[in-house]
Number of protein chains: 8
Amino acid sequence: MNNITAILRQLEEGRLSTEEAAEKIRAAASPALSHTDIDYDRLERTGCPEVIYGAGKTPVQIEEIARNLLDAGQNVLATRLNEDALLHLSGAFPEADMHPEARLMRIISSPPPQAAGFVGIVSAGTSDQAVAEEAALTAEFLGSRVRRYRDCGVAGLHRLVSHLDSIREATVLVAVAGMEGALPSVLAGLVKAPMIAVPTSVGYGANFRGVTTLLAMMNSCANGVSVVNIDNGFGAGFNAHLINSLASGSR
Amino acid sequence: MNNITAILRQLEEGRLSTEEAAEKIRAAASPALSHTDIDYDRLERTGCPEVIYGAGKTPVQIEEIARNLLDAGQNVLATRLNEDALLHLSGAFPEADMHPEARLMRIISSPPPQAAGFVGIVSAGTSDQAVAEEAALTAEFLGSRVRRYRDCGVAGLHRLVSHLDSIREATVLVAVAGMEGALPSVLAGLVKAPMIAVPTSVGYGANFRGVTTLLAMMNSCANGVSVVNIDNGFGAGFNAHLINSLASGSR
Amino acid sequence: MNNITAILRQLEEGRLSTEEAAEKIRAAASPALSHTDIDYDRLERTGCPEVIYGAGKTPVQIEEIARNLLDAGQNVLATRLNEDALLHLSGAFPEADMHPEARLMRIISSPPPQAAGFVGIVSAGTSDQAVAEEAALTAEFLGSRVRRYRDCGVAGLHRLVSHLDSIREATVLVAVAGMEGALPSVLAGLVKAPMIAVPTSVGYGANFRGVTTLLAMMNSCANGVSVVNIDNGFGAGFNAHLINSLASGSR
Amino acid sequence: MNNITAILRQLEEGRLSTEEAAEKIRAAASPALSHTDIDYDRLERTGCPEVIYGAGKTPVQIEEIARNLLDAGQNVLATRLNEDALLHLSGAFPEADMHPEARLMRIISSPPPQAAGFVGIVSAGTSDQAVAEEAALTAEFLGSRVRRYRDCGVAGLHRLVSHLDSIREATVLVAVAGMEGALPSVLAGLVKAPMIAVPTSVGYGANFRGVTTLLAMMNSCANGVSVVNIDNGFGAGFNAHLINSLASGSR
Amino acid sequence: MNNITAILRQLEEGRLSTEEAAEKIRAAASPALSHTDIDYDRLERTGCPEVIYGAGKTPVQIEEIARNLLDAGQNVLATRLNEDALLHLSGAFPEADMHPEARLMRIISSPPPQAAGFVGIVSAGTSDQAVAEEAALTAEFLGSRVRRYRDCGVAGLHRLVSHLDSIREATVLVAVAGMEGALPSVLAGLVKAPMIAVPTSVGYGANFRGVTTLLAMMNSCANGVSVVNIDNGFGAGFNAHLINSLASGSR
Amino acid sequence: MNNITAILRQLEEGRLSTEEAAEKIRAAASPALSHTDIDYDRLERTGCPEVIYGAGKTPVQIEEIARNLLDAGQNVLATRLNEDALLHLSGAFPEADMHPEARLMRIISSPPPQAAGFVGIVSAGTSDQAVAEEAALTAEFLGSRVRRYRDCGVAGLHRLVSHLDSIREATVLVAVAGMEGALPSVLAGLVKAPMIAVPTSVGYGANFRGVTTLLAMMNSCANGVSVVNIDNGFGAGFNAHLINSLASGSR
Amino acid sequence: MNNITAILRQLEEGRLSTEEAAEKIRAAASPALSHTDIDYDRLERTGCPEVIYGAGKTPVQIEEIARNLLDAGQNVLATRLNEDALLHLSGAFPEADMHPEARLMRIISSPPPQAAGFVGIVSAGTSDQAVAEEAALTAEFLGSRVRRYRDCGVAGLHRLVSHLDSIREATVLVAVAGMEGALPSVLAGLVKAPMIAVPTSVGYGANFRGVTTLLAMMNSCANGVSVVNIDNGFGAGFNAHLINSLASGSR
Amino acid sequence: MNNITAILRQLEEGRLSTEEAAEKIRAAASPALSHTDIDYDRLERTGCPEVIYGAGKTPVQIEEIARNLLDAGQNVLATRLNEDALLHLSGAFPEADMHPEARLMRIISSPPPQAAGFVGIVSAGTSDQAVAEEAALTAEFLGSRVRRYRDCGVAGLHRLVSHLDSIREATVLVAVAGMEGALPSVLAGLVKAPMIAVPTSVGYGANFRGVTTLLAMMNSCANGVSVVNIDNGFGAGFNAHLINSLASGSR
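Fair warning: this is a prediction, and the values are worked out from it, not measured in the lab. (Residues numbered from 1 in each chain as written. Chains lettered and ligands numbered in written order. Predicted model: local features only at pLDDT ≥ 70, side-chain atom pairs only at ≥ 80, totals over all residues. Heavy atoms only, no water.)

## What about the sheet that holds strand β3 (residues 97-99) of chain H?
Hydrogen bonding along the main chain pairs the strands of a sheet, whether they run parallel or antiparallel.
Residues and elements named next belong to chain H.
(1) Moving on: Strand order in this open sheet of 4 strands is β1-β2-β4-β3, and the pairing throughout is mixed. Looking at the sheet topology across the chains shown, the edges are occupied by β1 (52-53) and β3.
(2) Moving on: In the sheet, β3 pairs with strand β4 (residues 104-107) via 3 bridges, with the strands oriented antiparallel. When the bridges of β4 are listed, His-99 appears paired with Leu-104. (Pairing = 2+ DSSP bridges. Helix = DSSP H or I, 4+ residues; strand = E, 2+ residues; numbered from the N terminus.)

This is the structure in structure tokens:
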């Protein structure tokens, strides 16, 4: 709608009739407004206009998108990279921060502003690490500090309890677990912070690649828990940073 | 096969030829053996030859079966009684021990031998009480002492922990929970005893009347847990008594 | 552990030997600590020590719990009340704030501190109102202001868009929808705030009482969305208030 | 039944008795009628008597069927070709129009009559392209013009809105989306045309390879939407052409 | 955006500066445009701005909405009415056209324009009639003529075949069936027209209230079939009319 | 097609031209043939042209259909009758054979020919009796003798074994069981006859109203077992009679 | 129990006391009887004591079992052979009858007696051939003649109808289909014979590898259909032969 | 809490005030107690502090953990080893006891105390052997003697029955079966001992990789059965040993 003023001037200069000007304004307003309303807001919201979801893209496609983002002066986060992509990209971007265990690449040219609080990421077993790291690296990429609490499965409650003082200082928590997914219920009964629960596909038999875990988390008897999709570490990290930055007054 | 000796005597007395005797023994052995092998053993095993599963039976049918058992000198346990059945049976058997909250009736004319240890029955929420009581009353009926630990849901871990010393003295545990069913996992990480987990149909939405709970318990990350059907308090109490009496050397 | 000092004084006064004092402290510390660690924290966290989940409780039981809470000087929130309970409780508590459409009762004797921002609750259809109101009344009960945006289903996008300026001022959003559950995806693409999505059991046929809706929300292609159980308005309102009060610096 | 007249003439000419004629007519009528009724109509209906569904066929089998169709003067459409088949067929039919991204081959010797309107094919994400292209290439093969609208996922509503004027000119629409499958609901609220929704198997975790998407589309709150099987681009293109050609008066 | 011209005139009359005018236009354009773009189009599209989905509404609520529509000069279609609603509404609207078997009410003050072709509605069993009638009455309400073919289940193929000549004259078909849902597959192999398949919840056991039927229809081996939700007669009638009116050139 | 000869005679008598005769034959052949081919065959096949499936029909509708069948000289079998229908029909047809426990009515005016062998119907528990009786009464209605073996659940194997000699004389077996559905597997390992397995909806929790039972029977490790729908006693009785009458040479 | 006579003789000869004899008889009777009752009957029943289910066995294991059977003078049927097993076995048994398309091997040293009637095996699509052949080759192996009807999918009804006269001569039918599984319903409405339906895993998307097909067949609206597991051609052929041989009086 | 005495001494020596001492005790008590309460108990409970779950770990990681355990003087049990791990570990630990068929390694440096009774492990088919062996080797590793009963599927009941005398001597039973999972129901009706049922993923089609088996076992009509996850031989062996050692008075 930047050209409304231009149209008005043409009207004033007599180069357009009132009817013509009204018509031109209507035509211009429709798509332009939509773009204005929607698109720029989205860019502003996250500080990261586009995250590259690597699944189903070739290494070359990912490189291309990453280069475009870098050229536009933006930081790059690429997730769900397979081995080929990790190999290719570590060659293509020597400056990149590669995380094979989380299947993720970050290139941070201009560090984002840091939120005051921190995101606590509590995970149950060794096999849940990949997802927990995706969450942690995402939250850090967006500007949150992260503390990681590993091996806190509910069958060995003492490890969880021994970290409790530190965990309670977090602004927001991410709880990552597979199998019966009991961690969020237990943890939410012990802390103040809101919690994002991430079911992982770790398990076998009647676990159904994380579906049992997801359903169990959905049924948590504790308050303050909400859930994201199976293995969606990125989504949890994103949500956690959103809440952390709100709480830090940085938004 | 009690009459094999009789047949042999007839053979010795010359009233049967060898062929006739062999034939008679074959005829007798076939059905008789089957009955002997199987049926009596079943009676001996549990000390309670038949439990009346009340679901789908009329009050009068239940009364009839109960009278037959009493006439045979046996104790009576009737489960899954609806309101009509409870009302009718409390009229028909003034001596009965009625438990409307567990939908169950017991008539104990000759108390069973008591096992030495006890069964610990730990339940999560108020709504799980009916199932927990079905388990407790069943185990008691069969000859086990029971300690009940109520309101031990994992979201309020301190209540569970405050009972831990007592819980650890149990020979065998029954863990009753609905919703996300995390109790068995947490509890099994804290105790020595084998544990029967009972999912209840307490929950809503993605709980699917206990299916999520059952699946979560199946996926328990803790050792020593096995699971029975949704709301199957009777089965858990039965199993727990079986183990308790084994451990008590009473079998 | 309040009596540790007392024990120490007894030691100093010579009424206990060092060994006896150490023993007494060990005994006292174990359960007491657990209570201290866990329970008081839980009370502090929410400002509402206990919410009465009315499903499966009799009207008299609910009244009793409510009276206990009132006697303890606390505010009362009771959810999932059926018609009998609503009738009984409105008689028992003339001062109560009854919400039959949301199946909920509130008695607020001492208003909680108000958070600075507000929770935006956006709902899709008329039939989603009960759940949306449960969320709204819960968030208000806990101390958040709420703005309600009704009838914002994605099939009539203009209504959603016409509220967009107001919606964008919310600190945190709750999106309530049944059927295909598309509202959170669409809305999250238009706003900055974190969003709690609540699937409702509104629908028929292949909706499976909200399961399709829940799964669709879990798969949202938009960032910043996490999900609670079907029809769990209370949970969404609770989560939203938690985030709102964090963001308002009131915690 | 074309030879009934012939039989009658034989009767008139005395070469058949009445009984013989009746018998011959009965014999001829039964199978012949069935064939006439059913088979030829099917061929006429689509203008394409047989589409080769490549899944589970060897490259050589596909080539053979394609040659038979070409010999019969027909155009050839082969779908669901794997890499081996694509390679083999591009060697075997140098004149063919190969589409590896849609796993499809077309050989059009005599172009079909063109319908007047056009089919609009709107797709959500990059990963939905293969299915969208299968739909587009099928509709074109059968005689419909197609306009493609890519990257119109509901989380970036502005892109969809910016194409709206063009989309609204379509006679019939195909909406292709994975994940939460919200596109048809949103789009159907903005346009006049009937819409075929195609769920894709794009997603992870609780997406269940497109099942969540399919169910969500089934529950669309918008009118005018019907659904085909997961990844069934061919079916959608076929349906869309059927409606487009009806609307164009070409049938 | 009707007041853009007014703003321009104020500019010309010197009552607004160019900047003020540009500002006012921007403000007016945003919401107004959205409404214009979207809402009126929706009204125009169907000729019926709002259908009353009766499920979950009280008889009085339905009456109220119906009166508003009548006052606005529109025809009224209310579906999914329960017995109370049917009784109440037949009292409230003596002029209404009540269809208890399809649970539906129509009040047609100004008949819609009639499309040239007709919609053929083929149903399998007696129990599928309610859904078939909902489809038929909806299509008629919107302006399509309808022919009904009842009792055409695939286990009695001769009845279907005996109607085939008539069925083949339809512009578009609706196939309504429960149980194994084979009707659309069989019928689509015999006709030219596009077909909307409606699974019904008629069946028992492993039918799962229509889910098996829906899935079977989704997997139809015949071309030209798309599917709507279980028991969604309204949706099928709506879709069929949309296609019929397109084909009739009336749009 | 019985009137083809008549048409031919009219042709010979000069009352029809060859063209007219050909035309009349074509017209007559098409529907007539279809009816002949299909319908009469169906009637002949079962000896019972139509069984009244009572579910979803009013008592008066059922009475009406039954009267039509009686007027046509046929026997009547009506299944799935609710209490109202049973009451009404026992008043309307004093000569009827009412079976409330199987929810079924039979009126046999002319007894069908009896097959030589017999159908053995083996059922597991008391609660499976309704379904077993539906099977038994259906098979008898159609002309098979039936022997019933009740209370043969696999947990009390001795009862099953004690009937084995008699069971082995059956031409064909029907095995009716709920819960884990193990009966067909066990029984099929002990007998020669083909077996129809009927899962019942008897069970609770993870039984899912017979779905678990059905799936278990589908997976039977024994040969010679095929399965019908949950609670489909009628289907099993029908199938068993079909095989019994084939084996008896009565077809 | 063959040594009962021997024991009796020892008793007569005074080498055993009555008590010793009774004891020996009891000991011998228990296991021996069980073997007699059960095992030999199983062998007699099928004429084929053991079919080798090849899945999960190594080629060498299969060869070994086959040699044992041959040494015992029996015919050999091995199913579910993978490529390695097929290759290995065709080397090991030059006399064998290999069927790679049905993944099956037969070695028939002494042909079984032929039943009088024949089994009709009707299949829907090309991809269903492997399963149909497994059924056909199994029935032939056991002693039934087989007629195969291919490509009889319901979407091309004319092909099915054109074979109807021949199909109707079968004693028993096997219907093999994937996708929506409509073939058994349609076919059972046209024939007299009992029918075994075999769902195949042919399909995609919401077919769930044959589950939709199985469920649809379970819900068949036609009488006389029972169902075996997905892809279980062997089971269907076995069942069909059982019925065919019964009907042929050969048992 | 070992330093409580130290603190008390400092208090007595005047180096701490009462307040300081109380504070130090509180600080020390919290984490220390938790560790004491929970961790050591877990170690004591099983006699095996950690079992290495090999799935998802590299061979080198497994070797490392195993070495740590050996260094700590503990026995090593590693389960779910793939071929690479088995190869690597048999090189790394020449003293190890490798079980490729059960995918398991044991290194027993100090044999555990032997329980008096034995665990009976009954399995159905050859394909269930891997899981049965995992159970057997686990129970042996922990200190139970094991008797194995193979090939006891319910379709060949005589094999099961022939082992019955021996089976009845077991303290506790493990029943391992795939497909319809009927073994536990049949066996539990014949024995006294408690039973752990293990569903295996052996089966095809509607077996769903063991889910049908698991559900069937959950619905067992026999008493005394509880269930572990699909293929969870380790869990069953662990549970069985727990009960066996309880019964043997060795705990």
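## As for the packing of helix α5 (residues 129-142) of chain H against helix α10 (residues 233-247) of chain H
Residue and element names in this part refer to chain H.
(1) Moving on: At a closest axis distance of 7 Å, the pairing of α5 and α10 adopts a crossing angle of 40 degrees. The handedness of the crossing between α5 and α10 comes out as right-handed. On α10, the residues that touch Val-131, Glu-134, Ala-135, Thr-138, Ala-139 and Leu-142 of α5 are Gly-233, Phe-234, Ala-236, Gly-237, Phe-238 and His-241. (Axes fitted to C-alpha atoms, helices over the stretch in contact; angles between N-to-C directions. Left-handed = near helix turned anticlockwise from the far one by under 90°. Contact = heavy atoms within 4.5 Å.)

## Notes on the state of the cysteines
(1) Moving on: Across all of its chains, the model carries 0 disulfides over all chains by this definition.
(2) Moving on: As a non-bridged cysteine, A:Cys221 has B:Cys152 as the owner of its nearest cysteine sulfur, 12 Å distant. (Disulfide = S-S within 2.5 Å.)

## Thoughts on the packing of helix α10 (residues 233-247) of chain A against helix α10 (residues 233-247) of chain C
(1) Moving on: Here α10(A) crosses α10(C) at 40 degrees, and the two axes come no closer than 7 Å. With respect to α10(C), the axis of α10(A) lies oblique. Across from A:Ile243, A:Leu246 and A:Ala247 in α10(A), the residues of α10(C) making contact are C:Ile243, C:Leu246 and C:Ala247. (Parallel < 35°, antiparallel > 145°, perpendicular 65-115°, else oblique.)

## A word on unusual backbone geometry
(1) Moving on: Phi is positive for A:Asp151, which is not a glycine, with a value near 60 degrees.
(2) Moving on: Take A:Asp151: its relative accessible area is 38%, and that puts it in the partly exposed class. (Buried < 20%, exposed > 50% of the residue type's maximum accessible area, 1.4 Å probe, protein only.)

## As for the relation of the copies chain A and chain C
(1) Moving on: For the pair chain A and chain C, the best superposition has an RMSD of 0.3 Å and corresponds to a rotation of 180 degrees with a translation of 0.1 Å parallel to the axis. In symmetry terms, the pair is related by a two-fold rotation axis. For chain A, the minimum C-alpha distance to the rotation axis belongs to A:Ala247 and amounts to 2.1 Å.
(2) Moving on: Same-surface contact between copies: 100% of interface residues of chain A are shared with the interface of chain C. (Least-squares fit on C-alpha atoms with pLDDT ≥ 70 in both.)

## Some details on the packing of aromatic side chains
Given two aromatic rings, their pairing is described by the distance between the two centres and the angle made by the two planes.
(1) Moving on: Applying the stated rule across the entire model yields 16 aromatic pairs over all chains.
(2) Moving on: For the pair A:Phe234 and A:Phe238, a centre-to-centre distance of 6.0 Å together with 50 degrees between the ring planes defines the contact as tilted. With A:Phe234 and A:Phe238 both in helix α10 and 4 residues apart, this pair spans about one turn of that helix. The same class applies to A:Phe234 and to A:Phe238, which are both buried.
(3) Moving on: Looking at A:Arg147, its charged tip hangs above the ring of A:Phe118, at a distance of 3.9 Å from the centre.
(4) Moving on: Sitting over the ring of G:Tyr204, D:Arg80 keeps its end group 4.3 Å from the ring centre. (Phe/Tyr/Trp six-rings, centres within 6.5 Å; stacked < 30°, edge-to-face > 60°. Lys NZ or Arg CZ within 6 Å of the ring centre and 35° of its normal.)

## Remarks on the interface of chain A and chain C
(1) Moving on: Contact with chain A, which involves 33 residues of that partner, is made by 33 residues of chain C.
(2) Moving on: With both sides pooled, the region where chain A packs onto chain C buries about 3000 Å², and carbon together with sulfur makes up 56% of that total.
(3) Moving on: The tally of links between chain A and chain C comes to 6 residue pairs in polar contact (both at pLDDT 80 or more).
(4) Moving on: Taken together, the elements giving at least two residues each to the side of chain A that touches chain C come down to α2 (18-46), α9 (211-218), β9 (225-227) and α10 of chain A.
(5) Moving on: Here the side of chain A that touches chain C is built from residues that sort into 18 nonpolar, 8 polar and 7 charged. (Buried area = accessible area lost by both parts, 1.4 Å probe. Polar contact = N/O pair within 3.5 Å; in protein donor to acceptor, adjacent residues only side chain to side chain. Nonpolar A, V, L, I, M, F, W, Y, C, P; charged D, E, K, R; others polar.)

## Brief notes about a positive patch on the surface
(1) Moving on: A contiguous patch of positive charge on the surface is contributed by A:Arg209, D:Arg209, G:Arg209 and H:Arg209.
(2) Moving on: Structurally, the position occupied by D:Arg209 is in the loop between β8 (195-199) and α9 (211-218). (Patch = residues over 30% accessible without salt bridge, like charges linked within 9 Å, V, L, I, M, F, W, Y side chains within 5 Å. Areas by Shrake-Rupley, 256 points an atom, 1.4 Å probe, with all protein chains shown as cover. Salt bridge = Lys/Arg side-chain N within 4 Å of Asp/Glu carboxyl O. Lys, Arg positive; Asp, Glu negative; His and termini not counted. Charge placed at Lys NZ, Arg CZ, Asp CG, Glu CD.)

## So, the sheet that holds strand β2 (residues 76-79) of chain E
(1) Moving on: Here we have 4 strands laid out as an open sheet, ordered β1-β2-β4-β3 (chain E), and mixed in their pairing. If you trace the sheet from one side to the other, it starts and ends with β1 (52-53) and β3 (97-99) of chain E, each paired once.

## Side note on the confidence of the model for chain A
Detail in the predicted coordinates should be disregarded across regions flagged by low pLDDT.
Residue and element names in this part refer to chain A.
(1) Moving on: On average, residues of chain A carry a pLDDT of 85, and 86% of them reach 70 or more.
(2) Moving on: With pLDDT under 50 throughout, residues 29-43 is counted as low confidence; its partners more than four residues away or in other chains account for 34 contacts.
(3) Moving on: Interface confidence for the predicted complex, expressed as ipTM, amounts to 0.81; the pTM equals 0.84. (pLDDT = per-residue confidence, 0-100.)

## Some details on the pairing of strand β8 (residues 195-199) of chain C
Residue and element names in this part refer to chain C.
(1) Moving on: Within β8, 5 of the 5 residues are buried, leaving the element largely enclosed by the surrounding structure.
(2) Moving on: Alternating positions in β8 separate into two faces, Met-195, Ala-197 and Pro-199 on one and Ile-196 and Val-198 on the other, with burial throughout.
(3) Moving on: Strand direction decides the pairing type here: strand β7 (residues 172-177) and β8, joined by 5 bridges, are parallel. Paired with Val-174 across the bridge in β8 is Ile-196.
(4) Moving on: Crossover β7 to β8 through helix α8 (residues 183-188) is right-handed.
(5) Moving on: Of the pairings in the sheet, the one linking β8 to strand β9 (residues 225-227) comprises 3 bridges and is parallel in character. Within β9, the residue paired with Ile-196 across the bridge is Ser-226.
(6) Moving on: A crossover connection joins β8 to the parallel β9 through helix α9 (residues 211-218); in handedness this β-α-β unit is right-handed. (Right-handed = clockwise from strand over helix to strand, strands pointing away.)

## Section: the UniProt feature "domain: PurE" (unreviewed entry) in chain A
(1) Moving on: Per the UniProt record, "domain: PurE" (unreviewed entry) is annotated on residues 117-249 of chain A.
(2) Moving on: Secondary structure within residues 117-249 of chain A divides into 40% helix and 19% strand; the distance between the first and last C-alpha atoms comes to 10 Å. (UniProt positions renumbered as here; feature names shortened; annotations may be inferred.)

## Observations concerning the domain arrangement of chain A
Residue and element names in this part refer to chain A.
(1) Moving on: Split by domain assignment, chain A resolves into domain 1 (32-107) and domain 2 (118-248).
(2) Moving on: For domain 1 and domain 2, the distance between their C-alpha centroids amounts to 24 Å.
(3) Moving on: Taken together, the 14 residues of domain 1 in the interface contact 12 residues of domain 2.
(4) Moving on: The junction of domain 1 with domain 2 conceals about 1200 Å² of combined surface from both sides, 69% of it contributed by carbon and sulfur atoms. (Domains from an automatic or database assignment.)

## Things to note about helix α3 (residues 59-71) of chain H
Turn by turn, an α-helix covers 3.6 residues, leaving residues three or four places apart pointing in a common direction.
Residues and elements named next belong to chain H.
(1) Moving on: Here α3 contains 13 residues, and its C-alpha end-to-end distance of 18 Å stays within 8% of the 18 Å for a straight helix at 1.5 Å per residue.
(2) Moving on: Of all the positions in α3, only Ile-62, Glu-63, Ala-66 and Leu-69 are classed as buried. Down the axis, α3 shows its buried residues gathered within 125 degrees of arc, on one side only. For α3, the exposed residues lying more than 90 degrees away from the buried face are Glu-64, Asn-68 and Asp-71. (Expected span 1.5 Å × (residues − 1). Arc of directions from axis to C-beta.)

## Overview of helix α4 (residues 83-92) of chain G
Residues and elements named next belong to chain G.
(1) Moving on: Along α4, the positions that sit buried rather than exposed are Ala-85, Leu-86, Leu-89 and Ala-92. Projected down its long axis, α4 carries its buried residues within an arc of 135 degrees, all on one side. In α4, the exposed residues that point more than 90 degrees away from the buried face are Glu-83, Asp-84, Leu-87 and Gly-91.
(2) Moving on: If you follow the buried residues of α4, they end up packed against α3 (59-71), β3 (97-99) and β4 (104-107).

## Remarks on the environment of C:Gly178
Residues and elements named next belong to chain C.
(1) Moving on: Along the chain, Gly-178 falls in the loop between β7 and α8.
(2) Moving on: Classification of Gly-178 as buried rests on a relative accessible area of 8%.
(3) Moving on: Between the alpha carbons of Gly-178 and Asn-207 there is a distance of 8.6 Å; along the sequence they are 29 residues apart.
(4) Moving on: Apart from residues no more than four positions distant in its own chain, Gly-178 is found in contact with Asp-128, Thr-200, Val-202 and Thr-213.

## A closer look at the pattern of salt bridges
(1) Moving on: Inspection of every chain in the model, using the stated rule, returns 72 salt bridges over all chains.
(2) Moving on: A salt bridge links C:Asp97 to C:Arg106, with the shortest nitrogen-to-oxygen separation between them at 3.0 Å.
(3) Moving on: With a relative accessible area of 8%, C:Arg106 lands in the buried category.
(4) Moving on: We note a salt bridge from E:Glu140 to E:Arg148, for which the minimum N-O separation is 3.0 Å.
(5) Moving on: Exposure remark for E:Glu140: the relative accessible area of 23% places this residue in the partly exposed category.

## Some remarks on the side chain of H:Arg106
(1) Moving on: Locating H:Arg106 in the fold gives a position in strand β4.
(2) Moving on: Each residue touching H:Arg106, except ones within four places of it in the same chain, is listed here: H:Val76, H:Leu77, H:Ala96, H:Asp97, H:His99, H:Leu137, H:Glu140 and H:Phe141.

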